[in-house]
Each structure stands twice: as C-alpha cells, then as structure tokens.
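One letter stands for each residue in the lines below.
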Amino acid sequence: MTGSPAPVTSVLETIGRTPVVRLQRLVSPQHADVFVKLEYFNPTGSYKDRMALAMIEGGERKGRLKPGMRVVEYTGGSTGSSLAMVCAMKGYEFHPLSSDAFATEKLDTMRAFGADLELVPSDGGKVTPGLFDRFKARIAELSRDTNTFWTDQFNNAFVGGVGTGGMLMGVARVLKQRDAATRIVALEPATSAFLTTGKAGPHSVEGIATGFFPPHMAAGTYDEVRAIDENEGRDMARRAAREEGIFAGTSSGLNFVGALRLARELGPGKVVATVAVDTGLKYLAGDLYRS
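These numbers come from a predicted model, not from an experiment. (Residues numbered from 1 in each chain as written. Predicted model: local features only at pLDDT ≥ 70, side-chain atom pairs only at ≥ 80, totals over all residues. Heavy atoms only, no water.)

We now examine the confidence of the model for the protein. For residues with low pLDDT, the predicted coordinates do not support detailed interpretation. When the pLDDT values of the protein are averaged, the result is 88; 88% of them are 70 or greater. The low-confidence segment residues 158-163, where pLDDT is below 50, has 28 contacts with residues more than four positions distant or belonging to other chains. (pLDDT = per-residue confidence, 0-100. Contact = heavy atoms within 4.5 Å.)

Let us now look at the environment of L260. With respect to the helices and strands, the residue L260 is situated in helix α8 (residues 250-266). L260 gets classed as buried once you look at its relative accessible area, which sits at 6%. When the C-alpha atoms of L260 and T274 are compared, they prove to be 9.8 Å apart, with 14 residues separating the residues in sequence. (Helix = DSSP H or I, 4+ residues; strand = E, 2+ residues; numbered from the N terminus. Buried < 20%, exposed > 50% of the residue type's maximum accessible area, 1.4 Å probe, protein only.)

The next subject is the pairing of strand β7 (residues 185-189). Successive residues of a regular strand alternate their side chains across the two faces of the sheet. Extensive coverage of β7 is indicated by the burial of 5 of its 5 residues. What you see with β7 is no split at all: V185, L187 and P189 on one side and A186 and E188 on the other are buried throughout. Sheet analysis places β7 next to strand β8 (residues 224-228), joined by 5 bridges and oriented parallel. Each bridged residue has a counterpart across the sheet, and for P189 the counterpart in β8 is I228. (Pairing = 2+ DSSP bridges.)

What follows covers the sheet that holds strand β2 (residues 33-38). Here we have 3 strands laid out as an open sheet, ordered β1-β2-β9, and mixed in their pairing. Since the sheet does not close on itself, it has two edges, and those belong to β1 (20-22) and β9 (271-276), each with one partner. Mean inter-strand twist for the sheet, computed between neighbouring axes without regard to direction, equals 25°. Note that β1 and β2 share 3 bridges and pair antiparallel. Counted as the bridge partner of R22 is F35 from β2. On the sheet, α8 packs against β2 and β9 and is oriented at approximately 175° with respect to β9. (Axes fitted to C-alpha atoms, helices over the stretch in contact; angles between N-to-C directions.)

Right, let's talk about the packing of aromatic side chains for a bit. Overall, the coordinates contain 5 aromatic pairs when judged by the stated rule. Taking the centre distance of 5.6 Å and the plane angle of 20° together, the rings of Y40 and F41 count as stacked. (Phe/Tyr/Trp six-rings, centres within 6.5 Å; stacked < 30°, edge-to-face > 60°.)

Turning our attention to unusual backbone geometry. In this structure, R17 takes a positive phi of about 55° despite not being glycine. For R17, a relative accessible area of 84% gives the class exposed.

Our next topic: the pattern of salt bridges. This structure, assessed with the given rule, holds 17 salt bridges. A salt bridge links K90 to E60, with the nearest nitrogen and oxygen atoms 3.2 Å apart. Of this pair, K90 sits in helix α2 (residues 78-90) while E60 is found in helix α1 (residues 48-61), placing the two residues 30 residues apart along the sequence. For E60, a relative accessible area of 27% puts it in the partly exposed group. A salt bridge links K106 to D278, with the shortest nitrogen-to-oxygen separation between them at 3.9 Å. Relative accessible area serves as the criterion here: at 3%, K106 is assigned to the buried category. With relative accessibility at 2%, the residue D278 sits in the buried group. Where salt bridges share partners, they join R183, E224, R226 and E265 into one cluster. (Salt bridge = Lys/Arg side-chain N within 4 Å of Asp/Glu carboxyl O.)

Counting 24 residues, the largest nonpolar core has L23, V34, V36, I246 and A276 as its most contacted members. Breaking this core down by element, the ones donating at least two residues are β2, β7, α7 (230-244), α8 and β9. A per-element tally of this core places α8 first, with 7 residues. With 22 residues, the next largest nonpolar core counts M51, C87, F94 and F149 among its residues. (Core = buried A, V, L, I, M, F, W, Y, C linked by side-chain atoms within 4.5 Å.)

What follows is the structure, given as structure tokens:
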C-alpha cells in the first residue's frame, strides 16, 4: 500500500490519474491480457469529468466564457453531471438539456450540483435520433442569448463505445503516435449500428450511439467498428461486478464484451485495453442490477 496523496485545494484537481486494473476471472489463459481503466474514480464517477473541465477552462482561456455567463449543453447525463460539478466550483449558472430516456440518478446528480435542468421528452424512454434532433433545436434557441456559452461536446471534447467519439479519438492519437501498429476498435450497440450499417435505431445504452456520425470520428484514426448486442453488454456489466469487483454501467459492459472478444482473437502475449466509463451507482434505479 502506498501513502495517501497530498491534499489539494479543489475537487477539480482530483480529476484524472485514475487506476488501471488487469482482469483476472473474466479471462482465460488463452486470452490476451485485458486492462481496464477505472474512470469512475473521478469526482462524479465518470470519465466525462475530464472533458467537462477541459471544455470550461478552454472557453475561459479563449475568452468565450466569462464570469456571469450561463453554460448550456444537451446531455445523456454523465456530461451534464460533470459540467454541473465544474460550473458549481467555478460559479457559472448551468442549464442542461436531458431526457427521461436517461437514468434518474444522473438527472438528480445535475440538480444536486445546482443545475437548472430542462427535460426534453423521449420516444417511449428510448434513445433515438429524434431525441437528438429535439436537443439540437432547443440548444440552438438557448444559444441565441449572447450571455450563453454552449460547450458543444460533440465538437469540443477533451478527447470504447462511441458517443461524441472524443475519448476514443484522443486515446487513439496518443497510442498511434507511440506504436503505429496499435489497433483501435470502436463499439456501438447492434440495435443502433449507425457506424457499421448507416442505420440508427432505438436503444437503451446511455451515452453512446446518437444516430449520427460524430465529428470527432476522423477517418483513418480507428481501424474498425464492431456492433455489440446490448443484452450481452448488460450481462457482462453484471459479471464484471460479481467476478472482478468492477461496478460500472451498460456502456462499460459493451466495452468489456468487445475487449474480451479481441483478447480471445489475439491470444496470449498481446494486450487489450478498455475503459470502465462510469460507476454502477448511476444505474441502481433502473433494471441493470435487478435482473
């Protein structure tokens, strides 16, 4: 055991430097090693804390975000929770758009940090392209106010499964610079496999598969896209909790399924890495951990 880290002056300074663990029980001797970065060790339990801080401080540096301004964003919940926390610490009013398609824990987290949450109706509780069309229309209305700063996460992210695509592309650039042979695999739910088939559909995997091509997904920076069955991802999230002690959400489950398939294909002596993007605590009110 190492000693405790030195005290810091703000919770914002605790963002990042999350641990990495090697899977032990979900893999066999015939698998490549699988490493998982536990991003739920960030303050709001999500890797989106990194992106939120980067977008807000980037806006400040460029002079686009100034004291007294309002911050707006449309979000499935994790980005909104992260932005709500950062805005609370920095003194900005935050007006997120979200929906009943997303976990109530995420919506309540935004409210807990003082966000002025606006809900946009979903299509039967599902994540659909139509929901994102309504988000875009409403955010355009809000952005007309000159005292408003739209973080625009799909075009302005800090950097698995593809939502904005920012994390995958950011990691891909770094890994490819260090070893051009590194293979980058994007994942999406099979019921909304827009990147692989061009056809979007309803699904229940929060934070990914928006039904349009994310601007961050530059051609040539990833090697392939795989569609993962949502139910397999949910089952794997539960297995990861029971067998590895990794307590994460549905999109992380899809990441684990994809990583384990690659590990089986590659075999011993290779390495596969993925991310546990957020904590399972955000999904306790739903059915992920009830079945």
